[in-house]
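Next come the chains, spelled out residue by residue.
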Amino acid sequence: MTAADIQKAILDILSDIAPDEDLSDLKADVPFRDQLELDSMDFLDIVMELRKRYRIQIPEEDYPELASMNSTVEYLEPLMKNVAG
Amino acid sequence: MYDTIIIGAGMSGLAAGIRLAHFDQRVCILERHNTVGGLNSFYRQRGRNFDVGLHAVTNFAPKGARRGPLARLLRQLRLAWDELALSPQVGSAIAFPGVRLRFSNEFALFEAEVRRHFPHQIDNLRRMVAELADYDQLGLGDTNRSAREVVGGYLDDPLLVEMIFCPLLFYGGAREHDMDFGQFSIMFRAIFLEGLARPLAGVRLILGRLARKFKALGGELRLRAGVSRISVKDGAVEKVVLEDGAELHARKVLSSAGWRETMGLCDDVRPGGERTAGRVSFIETISVLDAEPRSLGHAQTIVFYNDSDSFCYEKPDELADLRSGVICSPNNFVYDQPLGEGVMRITSLANYDRWAGLDDNAYRLAKLRWYDKVVASAVRFVPDFRSSVIDTDMFTPTTIRRYTGHENGAVYGAAQKSYDGRTHLKNLYVCGTDQGFVGIVGTLISGISIANRHLLKV
């Protein structure tokens with residue numbers, strides 16, 4: 001997966017978690033927590049959706065890497081480079 | 001072999017089931033009755049739909065809100081706001097002799113009412129609310145402080161204290177007179193800061209949505225599948241035995257049957273146990289009217305009433321307590337279309353033992369007699385609707401016992417809660433009423449949070 005694929009995958013997960021949310025103006029460099037008010041339960045869900053959809057395991061100490069779109073994509077790129085897009 | 005067996009298809013069991021099935025677990029929900037719902041259910045009689053349990057959904061938040069328990073549970077269950085079809089309340093009141101405090105989903109109304117009737121308390125109330133706002137909604141620690149003690153430290157007018165406790169206890173008090181401060185915070189927020197709502201179609205709509213969602217995710221829902229025994233081996237559940245003799249195996253078991261009720265199923269636990277059953281139960285009269293309550297001059301959603309300055313939330317000596325109650329008019333929500341027939345539901349504290357001790361004839365007679373008494377008591381606080389009644393029904397503590405399985409018909413379960421959801425067995429957990437959260441939103445959050453914490457380990 002390319003960075004663009006990963007970004008789309010994350011947007012898919014976010015729109016699944018928060019179906020009422022308009023994600024079209026999501027800012028890539030602002031924490032999800034501040035834009036969408038996601039809480040710890042939601043972050044756990046992002047992790048679990050990644051595991052469910054792409055078989056990616058993310059250790060708990062790495063959860064802070066998922067703070068914003070930019071940091072998430074940067075963190076996932078090496079992990080998902082061999083995942084089919 | 002299932003990943004998880006869930007005992008009870010009430011709100012909490014269904015919510016937990018959705019979480020687990022969504023993340024690809026093999027899940028089976030076992031329900032003793034022929035329909036879902038448990039404490040919150042519905043039935044059809046003489047061509048009419050009757051709801052039991054839910055008067056209103058608490059913790060209302062408008063569409064688009066991102067904070068609070070309702071937003072959180074929608075995200076966790078992958079539901080859109082519109083799917084619950086919630087219509088906000090018109091407005092409610094707490095009625096004591098000579099004082100009526102109105103409240104709505106706008107907290108400013110309640111503040112204005114307190115300022116008008118208790119001018120010296122408004123600053124105290126605001127200080128208390130500021131502290132509650134900081135209180136972690138899932139704050140499971142610090143639950144052993146008496147709410148009456150803490151609230152008494154802010155508000156020094158005993159009448160206002162009683163008036164605030166009245167709705168909170170009626171809508172979630174598992175023990176008599178008082179509650180944990182943690183529970184108080186959650187209830188105060190749920191009712192006063194967030195507010196009340198209801199789907200036009202009632203509780204059946206929410207239950208239907210949850211059950212369909214669970215099944216669409218591949219979950220298995222077995223109705224008429226009462227559990228007779230949880231077989232224990234080496235400190236863990238070995239198998240779940242159904243009343244028809246079938247034996248089911250699962251890696252983990254989540255029970256929403258109640259703490260003592262669950263312990264009673266475990267074959268390694270002696271009956272009774274260290275915790276006592278709850279004592280708080282209710283009767284409810286349901287009156288169907290040939291007119292909307294509004295046309296009779298009653299436009300409020302819920303009226304919590306009490307006929308003296310002190311509110312006694314306790315098991316009464318008589319069959320029911322006529323001093324206080326809750327009057328709910330399901331018509332008085334802001335729907336897009338009228339509900340249809342007028343309905344008035346009145347809930348009062350009741351004594352389980354007295355009702356359970358009646359033989360069939362005496363029970364039927366008592367229902368008629370106490371319907372009249374409860375309604376006569378309630379119409380001191382709302383317009384007298386009795387000449388408009390065209391159909392009635394009533395449930396009692398024994399009805400609650402039958403449909404929830406809760407000992408003593410204790411609606412809100414045992415006084416002692418199991419906030420972390422663990423039991424003496426390493427693969428058995430509890431959720432629902434006895435885990436600690438109450439109300440529709442609370443019990444959904446209970447199922448979700450216990451599933452997340454113990455059953456969905458990454």
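All figures in this text were calculated on a predicted structure; none of them were measured in a lab.

Draft legend 1. Layout of the environment of B:A451. Residue and element names in this part refer to chain B. By the secondary structure assignment, A451 is in helix α14 (residues 439–455). With 30 C-beta atoms counted inside 10 Å, the residue A451 sits in the buried group. In the structure, A451 is positioned 328 residues away from D123 in sequence and 40 Å away in space, judged by C-alpha atoms. Residue contacts for A451: discarding those within four places in its chain leaves A16, R19, L20 and L456.

Draft legend 2. Up close: the sheet that holds strand β18 (residues 389–395) of chain B. Residues and elements named next belong to chain B. Overall, mixed pairing links the seven strands, which are arranged β7-β6-β15-β16-β17-β14-β18 in an open sheet. Two strands in the sheet have a free side with no partner beyond their single neighbour: β7 (99–103) and β18. Along the sheet, successive strands turn relative to each other by an average axial angle of 15 degrees, direction set aside. Contacting β14 (281–289), β15 (302–306), β16 (324–328), β17 (342–350) and β18, helix α12 (residues 360–378) crosses the sheet at an angle of about 80 degrees to β14. Contacting β14, β17 and β18, helix α13 (residues 397–404) crosses the sheet at an angle of about 100 degrees to β14.

Draft legend 3. The arrangement of helix α8 (residues 181–194) of chain B in detail. All names here are of chain B. Spanning 14 residues, α8 covers 18 Å between terminal C-alpha atoms, matching the ideal 20 Å at 1.5 Å per step. Among the 14 residues of α8, 13 are classified as buried, and the element is accordingly described as predominantly covered. Once α8 ends, the next one or two residues include G195, with phi positive near 115 degrees.

Draft legend 4. Spatial organisation of the nonpolar core. Core analysis: the largest hydrophobic core is formed by 140 residues, its most contacted members being B:L14 and B:I327. For B:I327, the contacting residues outside a window of four places in its chain are B:I302, B:V303, B:Y305, B:M344, B:I346, B:A378, B:F381 and B:V382. Of all hydrophobic cores here, the second largest spans 10 residues; its members include A:A9, A:I17, A:L76 and A:M80.

Draft legend 5. Molecular detail of the interface of chain B and chain A. Chain B puts 15 residues into the contact, and the matching count from chain A is 15 residues. It is helix α2 (residues 68–77) of chain B that contributes the most residues to the side of chain B that touches chain A, three residues altogether.

Draft legend 6. Fine view of the domain arrangement of chain B. Residues and elements named next belong to chain B. When cut into domains, chain B gives domain 1 (2–84 + 202–276 + 415–455), domain 2 (109–188) and domain 3 (279–404). A straight line from the C-alpha centre of domain 1 to that of domain 3 covers 27 Å. Taken together, the contact between domain 1 and domain 3 spans 11 residues of the former and 12 residues of the latter. Looking at the side of domain 1 that touches domain 3, the elements with two or more residues in it are β3 (41–45) and β4 (48–52). Per element, the largest residue contribution to the side of domain 1 that touches domain 3 is three residues, and it comes from β4. In terms of residue class, the side of domain 1 that touches domain 3 is made up of four nonpolar, five polar and two charged.

Draft legend 7. Focus on the sheet that holds strand β19 (residues 428–430) of chain B. Residues and elements named next belong to chain B. Taken in spatial order, the five strands of this open sheet run β9-β2-β1-β13-β19, and their pairing is parallel. Among the strands making up the open sheet, the edge pair consists of β9 (220–222) and β19. For this sheet, the mean inter-axis angle between neighbouring strands, taken without regard to orientation, is 20 degrees. Note: strand β1 (residues 2–7) against strand β2 (residues 27–30), four bridges, orientation parallel. Residue pairing in the sheet places I5 in a bridge with C28 of β2. On top of the sheet, helix α1 (residues 11–22) reaches β1, β2 and β13 (250–255); it is set at about 170 degrees to β2, its chief contact.

Criteria and thresholds
- Residues numbered from 1 in each chain as written.
- Chains lettered and ligands numbered in written order.
- Predicted model: local features only at pLDDT ≥ 70, side-chain atom pairs only at ≥ 80, totals over all residues.
- Helix = DSSP H or I, 4+ residues; strand = E, 2+ residues; numbered from the N terminus.
- Buried ≥ 20, exposed ≤ 12 C-beta atoms within 10 Å, placed from the backbone.
- Contact = placed C-beta atoms within 7 Å.
- Pairing = 2+ DSSP bridges.
- Axes fitted to C-alpha atoms, helices over the stretch in contact; angles between N-to-C directions.
- Expected span 1.5 Å × (residues − 1).
- Core = buried A, V, L, I, M, F, W, Y, C linked by C-beta atoms within 7 Å.
- Domains from an automatic or database assignment.
- Nonpolar A, V, L, I, M, F, W, Y, C, P; charged D, E, K, R; others polar.

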